Amino acid sequence: MTSFFQTLGMTHEWAWFTATIAGILLIALPLMLAVAMIIYVDRKIWAAMALRRGPNVVGPFGLLQSFADGLKVFLQETIIPSAANKVLFLIAPIITFTVALMAWAVIPFNSGAVLADINVGLLYVLAVSSLGVYGVVIAGWASNSKYPFFSAMRAAAQMISYEVSIGFILICVVLWAGSFNLNAIVMAQKDHVWLINGFVANPLLFPLWVMFLISGMAETARAPFDLTEAESELVAGYQTEYSSMAFALYWLGEYANVLLMCALNATLFFGGWLPPLDIPVLYLVPGWLWLFAKIFFFFFIFSWVKATVPRYRYDQLMRLGWKIFLPVSLLFVVLVSGWLMATHHFCDADQTLYPDPDHYGRIVNNGVCP
Amino acid sequence: MVDLSQYLPILIFLAIAQGLSAAFVFLPIGVAYLTGAHKPDAEKLSEYECGFPAFEDPRSQFDVRFYLVAILFIIFDLEAAFLFPWAVSLDVTGWPGWITMMIFLAELVIGFAYAWKKGALEWE
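(A) Spotlight on the overall build of chain B. A count of helices and strands for chain B gives four helices and zero strands. Listed N to C, the secondary structure of chain B is α-α-α-α in terms of helices and strands. A compact globule built from 124 residues should have a C-alpha radius of gyration of about 14 Å, whereas chain B, at 25 Å, is more than 25% larger. Structurally, chain B occupies a C-alpha span of about 70 × 50 × 15 Å along its principal axes. Per-residue burial over chain B gives 32% buried out of 124 residues. A total accessible area of about 7,700 Å² is found for chain B, and carbon and sulfur atoms account for 71% of it.

(B) Broad picture of the interface of chain A and chain B. Listed by partner, the interface residues are 86 residues for chain A and 68 residues for chain B. Between chain A and chain B the total buried area reaches about 7,000 Å² when both faces are included, carbon and sulfur atoms providing 77% of it. When the buried surface of chain A facing chain B is broken down by residue, Glu77(A), Trp322(A) and Lys323(A) rank first, second and third, together holding 10% of it. Remark: the boundary between chain A and chain B carries zero salt bridges. The interface formed by chain A and chain B includes two residue pairs in polar contact (both at pLDDT 80 or more). If you list the elements that add at least two residues to the side of chain A that touches chain B, you get helix 2 (12-49), helix 3 (65-75), helix 4 (86-102), helix 5 (121-142), helix 6 (146-177), helix 10 (244-269), helix 12 (314-342) and helix 13 (345-353) of chain A. Here the side of chain A that touches chain B takes 15 residues from helix 6 of chain A, the largest share from any one element.

(C) Structural context of the pattern of salt bridges. All names here are of chain A. Throughout the structure, instances matching the rule amount to five salt bridges over all chains. Residue Arg 222 pairs with Asp 42 through a salt bridge whose shortest N-O separation is 3.1 Å. With a gap of 180 residues between them, Arg 222 in the loop between helix 8 (206-219) and helix 9 (231-234) and Asp 42 in helix 2 connect regions that are remote in the sequence. A relative accessible area of 4% means that Arg 222 is categorised as buried. Here Asp 42 falls in the buried class, since its relative accessible area comes to 2%. Where Lys 306 meets Asp 42, a salt bridge forms, and the shortest distance between an N and an O atom there is 3.7 Å. Taken together, the residues Lys 306 in helix 11 (residues 287-308) and Asp 42 in helix 2 connect sequence positions 264 residues apart.

(D) The arrangement of unusual backbone geometry in detail. Residue and element names in this part refer to chain A. Even without being glycine, Ala 221 reaches a positive phi, approximately 50°. With respect to the helices, strands and loops of the structure, Ala 221 is situated in the loop between helix 8 and helix 9. Not every positive phi belongs to a glycine, and Ser 244 is a case in point at roughly 55°. Summarising the element assignment, Ser 244 is placed in helix 10.

(E) Fine view of the nonpolar core. By size, the foremost hydrophobic cluster in this structure holds 144 residues, and its most contacted members are Phe168(A), Leu268(A), Phe269(A), Trp322(A), Phe13(B) and Trp86(B). Counting residues per element, this core draws most heavily on helix 6 of chain A, at 20 residues. Aside from chain neighbours lying at most four places away, what touches Phe13(B) is Ile24(A), Ile27(A), Ala28(A), Leu101(A), Met102(A), Ala105(A) and Leu115(A).

(F) Fine view of the packing of aromatic side chains. On inspection of all chains with the given rule, the structure shows 28 aromatic pairs over all chains. Relative to Phe24(B), the ring of Phe97(A) has its centre 5.9 Å away and its plane inclined at 80°; by these criteria the two rings are edge-to-face. Highlighted residues: Phe97(A) in helix 4 and Phe24(B) in helix 1 (residues 8-35), drawn from two different chains. Pairing Tyr314(A) with Phe66(B) gives two aromatic rings, centres 6.3 Å apart and planes at 50°, and the pair type is tilted. Here Phe66(B) lies in helix 3 (residues 64-88) and Tyr314(A) lies in helix 12, a pairing that spans two chains. Phe66(B) sits in the buried class, given a relative accessible area of 15%. Ring pairs connect the aromatic residues Phe206(A), Trp209(A), Phe270(A), Phe297(A) and Phe298(A), which therefore count as one cluster. When the ring centre of Trp46(A) is taken as origin, the NZ or CZ atom of Lys306(A), which lies over that ring, is 4.5 Å away.

(G) Focus on the side chain of Thr267(A). Residue and element names in this part refer to chain A. Along the chain, Thr 267 falls in helix 10. Look at Thr 267 and you get buried, because its relative accessible area is 0%. A distance of 2.6 Å separates a polar side-chain atom of Thr 267 from the backbone oxygen of Ala 263. Not counting residues up to four positions away in its chain, the partners in contact with Thr 267 are Pro 108, Leu 182, Ile 185, Val 186, Gln 189, Gly 272 and Leu 291.

Definitions and limits used
- Residues numbered from 1 in each chain as written.
- Chains lettered and ligands numbered in written order.
- Predicted model: local features only at pLDDT ≥ 70, side-chain atom pairs only at ≥ 80, totals over all residues.
- Heavy atoms only, no water.
- Helix = DSSP H or I, 4+ residues; strand = E, 2+ residues; numbered from the N terminus.
- Rg over C-alpha atoms; globule rule 2.2 N^0.38 Å.
- Buried < 20%, exposed > 50% of the residue type's maximum accessible area, 1.4 Å probe, protein only.
- Areas by Shrake-Rupley, 256 points an atom, 1.4 Å probe, with all protein chains shown as cover.
- Contact = heavy atoms within 4.5 Å.
- Buried area = accessible area lost by both parts, 1.4 Å probe.
- Salt bridge = Lys/Arg side-chain N within 4 Å of Asp/Glu carboxyl O.
- Polar contact = N/O pair within 3.5 Å; in protein donor to acceptor, adjacent residues only side chain to side chain.
- Core = buried A, V, L, I, M, F, W, Y, C linked by side-chain atoms within 4.5 Å.
- Phe/Tyr/Trp six-rings, centres within 6.5 Å; stacked < 30°, edge-to-face > 60°.
- Lys NZ or Arg CZ within 6 Å of the ring centre and 35° of its normal.

In C-alpha cells, the structure reads:
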C-alpha cells in the first residue's frame, strides 16, 4: 500500500505512515462492525437452537439490533459508584478493549496482508492476550463491590490457568512450523497431509487442536466456562457496577477476543488464509475469504457449545486446566519435539518452506542432519 | 538483526486503539451531561448488594488457593518462556539441546507431581 500512496506524490516516509494508518483503520473499523454483527449472529444461533426467533424487529431480519443496542448504551448515564476508585474504574474498560484490538495487528489476512509482519508474531499474540486479565482484575478491584471482586478473582485464576496449557500447545505448533511468524506458520501447513492444508490433519497435532479449542473457550470466559459472570452466583460478574458504553466495551472486547480465538484456531491449525485442500482451483478464491469462512465456522462452534453445554463448576474448571490439559500438553511437547528430532524434520524443511530464510531470522545451516 | 521498524505499526495501532476506547468511555459521559441523562443520587451510586446496604467491606479475605494458582502459574509460564526460544532453535542445537530440555522438563514434572500430591491443585 506504501507504493500506492507514493504514486500520489508523497515522500516515502509519509506514504508509509499513511499506509499504516489506513491499514490500522482497515483492521479496527471492520473488526468493530464484525463484532456488532457477530453478536447478532450469536443471538440468532442461540435462539434457533432454543426454537426461538431471536432478534427480528430492528431492521430487516433484526440485522440492526446490535446498532440499536449500541445507540441505547451510548445515550445512557455512566454511573461511577461513590465507593469506586474512579480513575481505575474508567481505565479498566479502556485496557480491555485496547488489548482486544491490539492482537489483530499480526493476524495475516492473506499472503503478506498483515499490519506488522514481525518474526515473533505468535509470542506477541500470547503476550497481548494475557494482558487482557488486567482489564478484568482492575475492574473487579476498582468497583469496590463484592460480586465484581469475586468475579475478578475467578477470572484471573481461570485465565492464567488456561494460558499455561495454551502456551505448551503453541510450542508444539511452533516446533512443527519452525517459526513464530504467523505467515510462516500458515505456509508450513501447505499440503501438510494428503493435500490437506492444516496441522489439524496431523495425528500428533489433532489432540492439541481439540485442547486449544477448549482452552480458547476457557481463556475468553465463554460458555461453558463463563464462571466469571455466572449470573446465578455473581450477578453480572466484574461488569456489575458498569453502565453505558463502559459496559458495552467489555461486551465488545469479549466478542473481539472470541473472534481472535476463532482466527487463531483457523491460522494455527486450519491453514489460515490457505484453502482447505491444496488444489489449484481453490486458490482462485481470495485468501481472506477462506480465513473469514474459517473464522465464521469456529464462531458457529463457539455458539453451538454456548447453546448446548451446561456451565462447569469452578473446581471442575480448575481440574480440567491443571490436572488434564497441563500434563497432556506437556507430554505432547515431548512427543512432538521427539518425533521431529527422530524423523530429521529440520533437515529438509528450511529450503522448501522459506525461500527467503533470513526474512524470518532463520539459520539455514543446522547441526542435526546426519 | 531484528528490524525494529516492523514494530512501529503496532505502536501506532496502540495509540489509535487507546484513543478509540478512551473516546468510547468518555464521550457518553459528555453526552449524558448534554442530554440530561446524568442524574446521580446517593442510592444510585452505592455499590450493588441485592437491594440492601452492604454488610462489610468487599475487599475482604479471599481464598488462599487463588494465591497458589498464581504462584504455580509463574513457575509454568517461566518454563514456557524457556521453551519458546528452544522450540525455534532446535534445528541448531540438535540432540544435545533436546536432551537438555528433557532433563529440565523432568525436573519440573517432579515439582508438578509434588504440588499435585500436596493438594495445591485441589478445589473441593
